[in-house]
Amino acid sequence: MANPVPSRFDVVVVGGGHAGAEAAHACARSGLRTLLLTMNLDTIGQMSCNPAIGGIAKGHMVREVDALGGIMGRVIDQTGIHFKMLNRSRGPAVWAPRAQAEKKAYQNHIKWTLEATPNLSFRQDTCDSLIIENHKVCGIICSRGQEIQCDYVILTTGTFLQGLIHIGEYQARSGRIAEQSAMKLSDCLTAYGFELGRLKTGTPPRVLKKSLDLSVMEEQEPDPVPSPFSYSTSAITQPQISCYVTYTGAPTHEIIRQNLDRSPMYSGQIKSTGPRYCPSIEDKIVRFADKERHQVFIEPEGVETGEVYLNGVSTSLPEEVQWQVVRSIRGMENAEIIRPGYAVEYDFVDPRELHHSFETRKIQNLFFAGQINGTTGYEEAAAQGMIAGINVLRKSRNESPFILGRGEAYIGVLVDDLVLKGVEDPYRMFTSRAEHRLLLRQDNADERLMKYGFELGLLGEDSYRAMLDRGQRIKKMRDLISTRGIRATQEVADLFAKKNMEMPKSGFGKTLDSLLRRPEVSIEDLTVIIPELTELTRDERSVLELEIKYAGYVKRELEKVDRRERISNHPIPANFDFDTVPGIKKEAREKLKRFRPHDLNTASRISGVDPPDIDLIYLKILEAEKAQSHV
């Protein structure tokens, strides 16, 4: 009797986290017979750390994944319980959507979305090794001995490759607490010549909400009108709840200092590198010893649970010390810890082993995505899963790789940074990493990327046509504002009076766009002058306002793009003193002094050195050259 177990697929995606979910969905939706292999089907899409999606630069990437046809944005819109647009007080380039999730609901909706995707199968097992023939992957071998044949493999292993949990002196072979590690696949990768390293990440304790005194904390209310992540979401309808903020103090810091020798990070127990920009509470106390307090964000893990996440208190201290630390924080004097914080060490592969398509250089048809590439964060993982899935699709069609430029998307910046610079600590996306961030706003991801999603077959025609119609509506109103003159009507007089602006003494002669460029005038103010503006949605009016107000800045940004291309090979003098360059990041300064790059192009490829740092160095070099010419 023939074996009835299906053992042949076009694509096998190993891992069911955020990278695996997007990769599997993209492959299957495109028509490839796809298998999602995961150690536990109940943890597909699980939020291993904070129960939130988005944030600075991360929210931009979620919008980009959505524009390409991904699922993260749609699911957080369905399950978000606290939406907030961050950085509204600053320029629009750094506005960023973020949402707390009903954690279990988010996880379940990811799984349900995948289960409803045609061509996608599931298997609960562990990948122990790869089947390689003539430097090309052609299958995997699972922990129970079954061989699965396929044309492509995407590894999205998260923190499970040789995962090791630390809580004080306690250690366990786990990728997440109470979940086993993948112990054999690392040896397989090493055998095929991949260079593996070790990284570390961590998570804070979870406590019961009812054991906290929220009345002494600062309440953080959600936005009154939430901004969805997905362009397919018309409105957020589920109830929204508040988060809270409190602070550590001198007692907290003293407890930590007294127990540093029991922290795996400082006892020598942990030997790998942790995230530079998301340090543990122990690391904060040591690195920022002059700070009297640190913020602690109380983030509910859902409306249907009393479990809350203590954002800002990531730790691997012993459990009894964690209780002391938590209970020393204002409003947490009687807190009950129900899950301890912990650190986890895991293997990753140097991402310089990859092409921009995320296909490995050593083995054909083998792709990596997510934390195996040295990144941290759900959003970074989802973006990589999307790119890997799309490139498997492209290769299956004998098409050229899908590569986004740095001026097209934050995803393009992410891929370029990983593949060219590699990582020394877990990579996290920031707006500062993108030299063209004014062009890469969170509100225009559809305009930038939906054409690709539609062409690839990952985005429905209805969504694509809706984007085109939206663009036409905005353009129509922009043309109207740019051509209609300011007339001496009562509505105009009332607007000038309301804004305490002086009316022109002799005629107007200017168009309405010049009025909108004034900082005190908003698009909403013009609706009394141009009633047709109300035909646009609130978000469409916001995009229109930004396009007009920042037209000059965008023009200069495009000129800067051209200049950066021209100066990329400008030499850096051998005796150049990087300490004399004001404004560059501390990390960039340290690495530039260590590596001593000979030109700006080489400097730009050093991990931690971002385009704004290059601009400042170039200006300082020009200043020195000018001074030398006058000697």
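Now for a quick tour of the structure. (Residues numbered from 1 in each chain as written. Predicted model: local features only at pLDDT ≥ 70, side-chain atom pairs only at ≥ 80, totals over all residues. Heavy atoms only, no water.)

1. Some points on the overall build of the protein chain
Heads up, the rule is: The way it works is that DSSP assigns letters per residue, a run of H or I at least four long becomes a helix, a run of E at least two long becomes a strand, and they are numbered from the N terminus. It is over C-alpha atoms that the radius of gyration is taken, and the globule rule equals 2.2 Å times the number of residues to the power 0.38. Exposure classes here rest on a 1.4 Å probe applied to the protein chains alone. A residue is buried below 20% of its type maximum, exposed above 50%, and partly exposed in between. Here a residue-residue contact requires only that any non-hydrogen atoms of the pair lie within 4.5 Å. Note on areas: Shrake-Rupley, 1.4 Å probe, and residue coverage restricted to the protein chains presented here.
Helix and strand counts for the protein chain come out as 20 helices and 22 strands. For a compact globule of 631 residues, the expected C-alpha radius of gyration is about 25 Å, and the protein chain comes in at 26 Å, within 12% of that figure. Viewed in the frame of its principal axes, the protein chain has a C-alpha envelope of about 90 × 70 × 65 Å. Sorting the 631 residues of the protein chain into buried and exposed places 56% on the buried side. Long-range pairs, those at least 24 residues apart, make up 73% of the contacts in the protein chain with a sequence separation of at least 6. Here the protein chain displays about 27000 Å² of accessible surface, and carbon together with sulfur accounts for 49% of that area.

2. Notes on helix 3 (residues 72-79)
Along helix 3, six of the eight residues are buried, which leaves the element largely enclosed by surrounding structure. Residues of helix 3 that are buried: Met 72, Gly 73, Val 75, Ile 76, Asp 77 and Thr 79.

3. Section: the pattern of salt bridges
Short version of the rule: By definition, a salt bridge exists where a carboxyl oxygen of Asp or Glu is found within 4 Å of a side-chain nitrogen of Lys or Arg.
Under the definition given, this model contains 48 salt bridges. As a salt-bridge pair, Lys 58 and Glu 379 come within 3.3 Å of each other at their nearest N and O atoms. Taken together, the residues Lys 58 in helix 2 (residues 58-67) and Glu 379 in helix 10 (residues 378-396) connect sequence positions 321 residues apart. For Lys 58, a relative accessible area of 9% gives the class buried. Of the charged contacts in the structure, one is a salt bridge between Glu 254 and Arg 257, with a shortest N-O distance of 3.9 Å. Of this pair, Glu 254 and Arg 257 both sit in helix 6 (residues 250-258), three residues apart, roughly one helical turn. On the basis of relative accessible area, Glu 254 is assigned to the partly exposed category, the value being 36%. Here the residues in one salt-bridge network are Arg 276, Glu 424, Asp 425, Glu 587, Lys 591 and Arg 594, joined through shared partners.

4. Concerning the side chain of Gln 100
For the record, the criterion: N or O atoms closer than or at 3.5 Å make up a polar contact, with two conditions inside protein: a donor-capable atom paired with an acceptor-capable one, and, for residues adjacent in sequence, both atoms drawn from side chains.
For Gln 100, the location among the structural elements is in strand 5 (residues 96-101). Residue classification places Gln 100 among the buried residues on the basis of a relative accessible area of 1%. Within polar-contact distance, the side chain of Gln 100 engages the backbone oxygen of Pro 51 at 3.3 Å. There is a polar contact of 2.7 Å between the side chain of Gln 100 and the side chain of Arg 98.

5. What about the nonpolar core?
Here is the rule: As used in this record, nonpolar core signifies buried Ala, Val, Leu, Ile, Met, Phe, Trp, Tyr and Cys residues forming a set joined through side-chain atoms within 4.5 Å.
With 100 residues, the main nonpolar core has Leu 130, Ile 154, Leu 155, Leu 189 and Ile 411 as its most contacted residues. For this core, the leading source of residues is helix 10, giving ten residues. In this view, Leu 155 contacts Val 14, Leu 130, Leu 185, Leu 189, Leu 366, Phe 367, Phe 368, Ala 369 and Ile 372; residues no more than four positions away in its chain are not counted.

6. Considering the sheet that holds strand 15 (residues 206-208)
Which entries qualify depends on this criterion: Pairing between two strands is assigned when DSSP locates at least 2 bridges connecting them. Axes here mean lines fitted to C-alpha atoms, for a helix over just the part in contact, with angles spanning 0 to 180 degrees between N-to-C directions.
Taken together, six strands build an open sheet; the order of strands is 16-17-18-19-15-20 and the sheet is antiparallel. This sheet does not close on itself; its edge strands, each paired only once, are strand 16 (218-220) and strand 20 (337-339). Averaged over neighbouring strand pairs, the angle between their axes works out to 35° when direction is ignored. Where strand 17 (residues 243-247) meets strand 18 (residues 295-300), four bridges bridge the pair, whose relative direction is antiparallel. From the neighbouring strand, Val 245 faces strand 18, where its bridge partner is Phe 297.

7. Description of the pairing of strand 8 (residues 136-142)
In terms of burial, strand 8 is a largely internal element, five of the seven residues being buried. Inspection of the sheet shows strand 7 (residues 127-133) paired to strand 8 by six bridges, in the antiparallel sense. The residue bridging Cys 127 from the neighbouring strand is Cys 142, located in strand 8. Taking the residues between adjacent antiparallel strands as the criterion, strand 7 and strand 8 are bridged by two residues, where Asn 134 takes a positive phi near 55°. Here strand 8 runs beside strand 9 (residues 147-155); their pairing, made up of three bridges, is antiparallel. Among the inter-strand pairings, Gly 139 is bridged to a residue of strand 9, identified as Gln 149. Count of turn residues in the strand 8/strand 9 antiparallel hairpin: four residues, of which Gly 145 carries a positive phi of about 95°.

8. Here we look at the packing of aromatic side chains
Rule in force here: By convention, a stacked pair of Phe, Tyr or Trp rings (six-membered ring in the case of Trp) has centres within 6.5 Å and planes under 30 degrees apart, an edge-to-face pair has planes over 60 apart, and any other such pair is tilted. Whether a charge sits over a ring comes down to the Lys NZ or Arg CZ being within 6 Å of the ring centre and within 35 degrees of the ring normal.
A full pass over the atoms with the stated rule returns six aromatic pairs. Ring centres 5.4 Å apart and planes at 45° place the aromatic pair Tyr 550 and Tyr 553 in the tilted group. A cation over a ring is seen here: Arg 433 above Tyr 427, with NZ or CZ 4.2 Å from the ring centre.

9. Brief notes about unusual backbone geometry
The phi angle at Ala 178 is positive, at roughly 70°, despite the residue not being glycine. Within the element layout of this structure, Ala 178 appears in the loop between strand 12 (174-176) and strand 13 (179-180). Taking relative accessible area as the criterion, Ala 178 reaches 78% and is therefore assigned exposed. In this structure, Asn 398 is a non-glycine residue whose phi angle is positive, near 60°. As for its position among the elements, Asn 398 is in the loop between helix 10 and helix 11 (410-421).

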